[in-house]
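# Working through the structure, step by step
Listed here are the chains, written in short residue letters.
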Amino acid sequence: MNYINGGVCAAKGFRAAGIHCGLRKNKTKKDVALIVSDCDCSTAAVYTTNLVKGAPIDVTKKNIANGIARAVICNSGNANTCNANGIEVAEAMCALVEKHMGIPAADVVVASTGVIGQPLDIAPMAAHMEELVAALGSTAAHSTDANEAIMTTDTVHKEVAVEFEIAGKRCAMGGIAKGSGMIHPNMATMLVFITTDAAISPALLQKAIRADVADTFNMVSVDGDTSTNDTLAVLANGMAGNPTITEEGKDYDDFCAALRALTSGLCRAIAADGEGATKLLTAAVTGAVDNDNARRIAKSIITSSLTKAAMFGADANWGRVLCAIGYSGAQVDVHKVDVDFVSAAGEVAVCRGGAGVDFSEEKAKVVLTEPEITIRVTLGDGDGIATAYGCDLTYDYVKINGDYRT
């Protein structure tokens, strides 16, 4: 398996585009994206667990209930959430794809992201739909255009693609994501669209992504707020020509390994680009009672505001980590906890057996000044492992969110 370029256009038979249609005041910012397959795709998705959900989620659930889709349309700048006519507008977006591309509206994944509670006007998208369709292409640049069009407070593009082999056939999988704030485990403020030319049944595809998100997107946190619009959708058009994966086995495992490589990369990109963030934080937990307890501990560490603030200040305040472990609700023997801070500048042991050890504050400062830091927690309770992704908490986070709507 190798990482390649191309994003959602890396797989055979997919085209993408992103343009500015007028939903956002900034005329240089693309605000509507379209991804299209040359043929029908097995499709699966997972969504936010927030009880308040964007209208596009309801429409997408209905459209892909049969496990089939062929296109994705998504806007930024407006979440189409808590709007009286939200369903109507989301369905109208799907109808635009049918009108201009001949793809049935019922075969369209629709998504929106941006401000909650503001009416979404379909007119700008309708007026620019011909332009959007004309902009479709299959290069890496077209994927990047689509990625830019779904971004809100994101500061960098989030694209990953891999190539892999199934039953002797070369397959590709690519994804784009957005997510920077309102990010918390059990999905984040994120949209993720993944395309692949591998052939897999809708049922197995759904099984694969549900298993994957437990250790990837549900282990990402920026600020403790679970969004209303999170959607992860995967479209598989089968154009690689491998025998369709319909049961678990080697082919399914190879597919899942490629999926994990892709989603892990997108998770790191989302966490590193947290609103106002200066550092990517990874909590790596081993030796827990089981994986569920390891996840609970890793999430607790990565969501601790005090730990995040300490990392921003390059302060080796390891007591914050122990505190987060203690209130995580996990089964853990706190007298067996070891903690190390690790980065490209080296590593420093700060806790052994639940107690502090002598360490150089100067070395710790150097280690924690790096842009990527791993908080390594080693327990003595079992074989459970988990990794969570987050970022530091900075002054700029408050600045960004203090006037997000206005």
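I will try to describe carefully the structure that is included in this document. (Residues numbered from 1 in each chain as written. Predicted model: local features only at pLDDT ≥ 70, side-chain atom pairs only at ≥ 80, totals over all residues. Heavy atoms only, no water.)

## Considering the pairing of strand 10 (residues 280-288)
Among the nine residues of strand 10, seven are classified as buried, and the element is accordingly described as predominantly covered. Where strand 10 lies against strand 14 (residues 372-378), seven bridges are found, and the strand directions are parallel. Directly across from Val285, in strand 14, lies its bridge partner Val377. Of the pairings in the sheet, the one linking strand 10 to strand 15 (residues 384-391) comprises seven bridges and is antiparallel in character. By the bridge assignment for strand 15, Ala283 is matched with Ala388. (Buried < 20%, exposed > 50% of the residue type's maximum accessible area, 1.4 Å probe, protein only. Helix = DSSP H or I, 4+ residues; strand = E, 2+ residues; numbered from the N terminus. Pairing = 2+ DSSP bridges.)

## So, the environment of Cys391
You can see Cys391 is positioned in strand 15. Residue classification places Cys391 among the buried positions, given a relative accessible area of 1%. Spatially, the C-alpha atoms of Cys391 and Leu280 are 4.7 Å apart, while their sequence positions differ by 111 residues.

## A closer look at unusual backbone geometry
The backbone phi angle of Cys82 is positive, close to 60°, even though this residue is not glycine. Residue position: Cys82 is located in the loop between strand 4 (68-78) and helix 2 (86-101). The phi angle at Ala167 is positive, at roughly 50°, despite the residue not being glycine. By the secondary structure assignment, Ala167 is in the loop between strand 6 (159-166) and strand 7 (169-178).

## Focus: the packing of helix 2 against helix 3 (residues 123-134)
Where helix 2 meets helix 3, the axes come as close as 10 Å, and the angle between the chain directions of the two elements is 45°. As the angle between them shows, helix 2 and helix 3 are arranged oblique. In terms of crossing hand, the pair formed by helix 2 and helix 3 is right-handed. Mapping the contact onto sequence places Met93, Leu96, Val97, His100 and Met101 in helix 2 and Met125, Ala126, Met129, Glu130 and Val133 in helix 3. Residue classes in the contact of helix 2 with helix 3 are distributed as eight nonpolar, one polar and one charged. (Axes fitted to C-alpha atoms, helices over the stretch in contact; angles between N-to-C directions. Parallel < 35°, antiparallel > 145°, perpendicular 65-115°, else oblique. Left-handed = near helix turned anticlockwise from the far one by under 90°. Contact = heavy atoms within 4.5 Å. Nonpolar A, V, L, I, M, F, W, Y, C, P; charged D, E, K, R; others polar.)

## Observations concerning the side chain of Thr152
Here Thr152 is to be found in the loop between helix 4 (140-149) and strand 6. Within the structure, Thr152 has its side chain in polar contact with the side chain of Lys178 (distance 3.0 Å). (Polar contact = N/O pair within 3.5 Å; in protein donor to acceptor, adjacent residues only side chain to side chain.)

## Describing the nonpolar core
The tendency in soluble globular proteins is for nonpolar side chains to be buried side by side. Formed by 38 residues in total, the largest nonpolar core has its most connected members in Phe164, Met173, Phe217 and Phe255. Mapped onto this core, the elements with two or more residues apiece are strand 3 (32-47), strand 6, strand 7, strand 8 (191-196), helix 5 (202-213), strand 9 (231-236) and helix 6 (250-272). In terms of residue count, helix 6 provides more of this core than any other element does, ten residues in total. Not counting the four nearest positions on each side in its chain, Met173 is found in contact with Val160, Ala161, Val162, Phe164, Ile194, Thr195, Thr196, Phe255, Ala258, Leu259 and Leu262. (Core = buried A, V, L, I, M, F, W, Y, C linked by side-chain atoms within 4.5 Å.)

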